[in-house]
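Take a look at the letters that make up each chain.
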Amino acid sequence: MLRRISLACVMAGSLLLAGCGQDSADAPLAHVPADTPFLFANLETIDDATLDAALASSNASLAQQRIDLRQFAEELRRDGEAESLANVLDALAEELAGKSDYQQVAEQIGVDLGGQNALYGLGLSPVLRLSINDAERYQAFLQRLADAAGLPLETRTQGELEYRQARLGEAPLQLLSTVHDGQAVLAVAPTELDDDALQQVLGTSLPDNSVQDTQRLSELADAKDYLPYGLGYVDTTRLATLLTGSQDPMIQAFRAFAEQTQGQAPEPVSQSCREDATRLASRMPRLSAGYTTLDAARTEQRFDVSLAEDITAPLASLTSTLPGLGNDSLESPFDLAIALPMNDLRDLLTQQIQHVRTAPFSCSALAELNNDLDELGRQANMLAMPPFGSLRGMRLVIDELTMPEHSDQPAIKGALLVASSDPNGLMAIGQSMLPGLATLSLSNDGEPQALPPQLTAMLGDAPAWLAMTDKALGVATGEGEQTTLKSLLQEETGEAGELMHVKLSGDMYAKWLQLADAFGNLAGNDAAALEEQLDAMQNQFERIDNVVIRMRMEDDGLVINNRIDWQQ
């Protein structure tokens, strides 16, 4: 599922990296209602060098995306579902065949990636506005997809504008497409639209108040330090209002469809459920994303999850005692650190449970959640029980990963730290479970001690060490890793709000692929499919030096930074 979501985001993002810079009636943002539930677009036109940097990640994974499209289509057919959709996915995979980058794909289908593009919602109806440089190629591309789906495209007119329309199966939906003034419009809308709604979809009329008028996207970019390319947001409170209401044309269309096919329209969402939906959405009112760095050496994206203050405050002010969490310099090819402040998490969950107890949900669909509060409370309290209650975080560092000959187990050189408010207590638990540890007498000086032979035998006779400070207990395995262990334990703790970091080098990922090849755990037992998939993934990461992801809590929400350093 995550790969499918990622695939959709990559392909949509590749089309959305064009500009919306000028403030005019022809600019895409002039067509976007100020209250749109979602919007992804550009604030400025994009030059070729920046476009190359923005598409670097998508281009690096293009071969893998083609494989994913075909595999998704095969799954649909195998499950006996959506044959027409499977055919469209195969057609899209064919569009990627023989291409080394999305610039070539765009040229083939007549789309101008240096033009003006935006994806947004007219209510719940998604609309994509594209800048095109070859209308014939674009129309031919649409025709190929329609033929694959078995959907006839009918030509119609709205005033003087010609557009194409196709019914989407038995659902009360239609695909609408038109080309005018160098822009293409592609939308999914209800089959029954009045003239005003149709004009807004096709772009022959503008909303009374647009995103361009309100500067909402510009203000978001300024607040989050997003670059003016490929940024956007999802307004969850607006989505909740539309989905639970009865005024949006999409909702009306599906209610009428249900009444026609089932003889009775579903009951409207009750006032209490609408209020509860708005209440839940207000806890996470907006999701947003944008680039923060785009150049030939590095690509950085920032994802923001807005959260209620009572959720963010406890974690934004929290400083984990895990050594090295959030470290700017990560030297090992793999480094994963996660804050696990169990007592603080218990307190946060208990607080949220108490909020619901004080003001229970009144919607019948959420009644079960009210009833489960006692059990949730008991589970939250377990987080504070030993040994969980003393945990503060975990860090895993891998310096080397190999598959020795004549062995089915990988050889790992690295170290694991467990941050705790009571490292001595963790050591005592370990000694009770592994009597061999009883021979060790650790102090809190961070000096590694070698594990006895009966324990290293469990690690394939690789040398191993244990060390402890007043903040963490650590173990290392592999020749020379006692030095790594001592160094890691001495690193500074992270800043307030730091929750996680992970670094993966391209070389380490390649070694993981070699292990996957050895174990044959990808693509089932199809050797040819496995080899094709591994080759595509190998090609993708040959272009990457490092991938670094960081997560932190700020006063207004969760921030996730994703950085890719490219091979030079």
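Calculation rules
- Residues numbered from 1 in each chain as written.
- Predicted model: local features only at pLDDT ≥ 70, side-chain atom pairs only at ≥ 80, totals over all residues.
- Heavy atoms only, no water.
- Core = buried A, V, L, I, M, F, W, Y, C linked by side-chain atoms within 4.5 Å.
- Buried < 20%, exposed > 50% of the residue type's maximum accessible area, 1.4 Å probe, protein only.
- Helix = DSSP H or I, 4+ residues; strand = E, 2+ residues; numbered from the N terminus.
- Salt bridge = Lys/Arg side-chain N within 4 Å of Asp/Glu carboxyl O.
- pLDDT = per-residue confidence, 0-100.
- Phe/Tyr/Trp six-rings, centres within 6.5 Å; stacked < 30°, edge-to-face > 60°.
- Lys NZ or Arg CZ within 6 Å of the ring centre and 35° of its normal.
- Disulfide = S-S within 2.5 Å.
- Arc of directions from axis to C-beta.
- Contact = heavy atoms within 4.5 Å.

Student: Account for the nonpolar core, naming residues and giving values.
Tutor: Counting residues in each nonpolar core, the largest one holds 34 residues, and the members touching the most others are Val-111 and Tyr-138. Looking at this core element by element, the count peaks at seven residues for helix H5 (residues 83-96). Counting residues in each nonpolar core, the second largest holds 25 residues, with Ala-118, Leu-176, Val-185 and Leu-220 among its members.

Student: How would you sum up the pattern of salt bridges? Please name residues and give values.
Tutor: Pairing between side chains of opposite charge can happen when their charged atoms approach one another. The tally for this structure, following the rule as stated, stands at 21 salt bridges. For Glu-554, the salt bridge is made with Arg-302, and the minimal N-O distance between the two is 3.7 Å. Here Glu-554, found in strand E18 (residues 544-554), pairs with Arg-302, found in strand E10 (residues 298-306); they are 252 residues apart in sequence, far enough to count as distant. Assessed through its relative accessible area of 24%, Glu-554 is described here as partly exposed. A salt bridge links Arg-357 to Asp-374; its shortest N-O distance comes to 3.0 Å. Residue Arg-357 is found in helix H15 (residues 342-358), and its partner Asp-374 is found in helix H17 (residues 373-382); the two are separated by 17 residues along the sequence. Owing to a relative accessible area of 38%, Arg-357 belongs among the partly exposed residues under this scheme. Overall, Asp-374 belongs to the partly exposed group, its relative accessible area being 47%. Because the salt bridges share partners, they merge into one network encompassing Lys-224, Arg-302, Asp-304, Arg-552, Glu-554 and Asp-556.

Student: Just give me the short version of the confidence of the model for the protein chain, but keep the residues and values in it.
Tutor: Scored by pLDDT, the protein chain has a mean of 87; 91% of the residues are at 70 or more. Ranking the elements of the protein chain by mean pLDDT puts helix H1 (residues 2-16) last, at 45, and strand E8 (residues 231-235) first, at 97.

Student: Explain the packing of aromatic side chains residue by residue, including any values.
Tutor: In the structure shown here, the tally under the stated rule is zero aromatic pairs. If you follow Arg-279 out to its NZ or CZ, it ends over the ring of Phe-361, 4.4 Å from the centre.

Student: Account for the state of the cysteines, with residues named and values stated.
Tutor: Scanning the model with the defined rule gives one disulfide in all. Note on cysteine connectivity: Cys-273 is disulfide-linked to Cys-363, with sulfurs 1.9 Å apart. On the sign convention where negative means left-handed, the S-S torsion of about 85 degrees between Cys-273 and Cys-363 marks this disulfide as right-handed. Residue Cys-273 is found in helix H13 (residues 271-283), and its partner Cys-363 is found in the loop between H15 and helix H16 (367-371); the two are separated by 90 residues along the sequence.

Student: How would you summarise helix H20 (residues 481-489) if you had to cite specific residues and measurements?
Tutor: By the burial criterion, the buried members of H20 are Glu-481, Leu-485, Leu-488 and Leu-489. In a view along the axis of H20, the buried residues occupy a sector of 95 degrees, so they form one face of it. Where H20 is buried, its residues meet strand E12 (391-402), strand E13 (411-420), strand E15 (464-468) and strand E16 (472-477).

Student: I'd like to hear about H17, residue by residue, with values.
Tutor: Of all the positions in H17, only Leu-373, Gly-377 and Ala-380 are classed as buried. The arc enclosing the buried residues of H17, seen along the axis, measures out at 60 degrees, which places them on a common side. Next to the buried residues of H17 lie H15 and H16.

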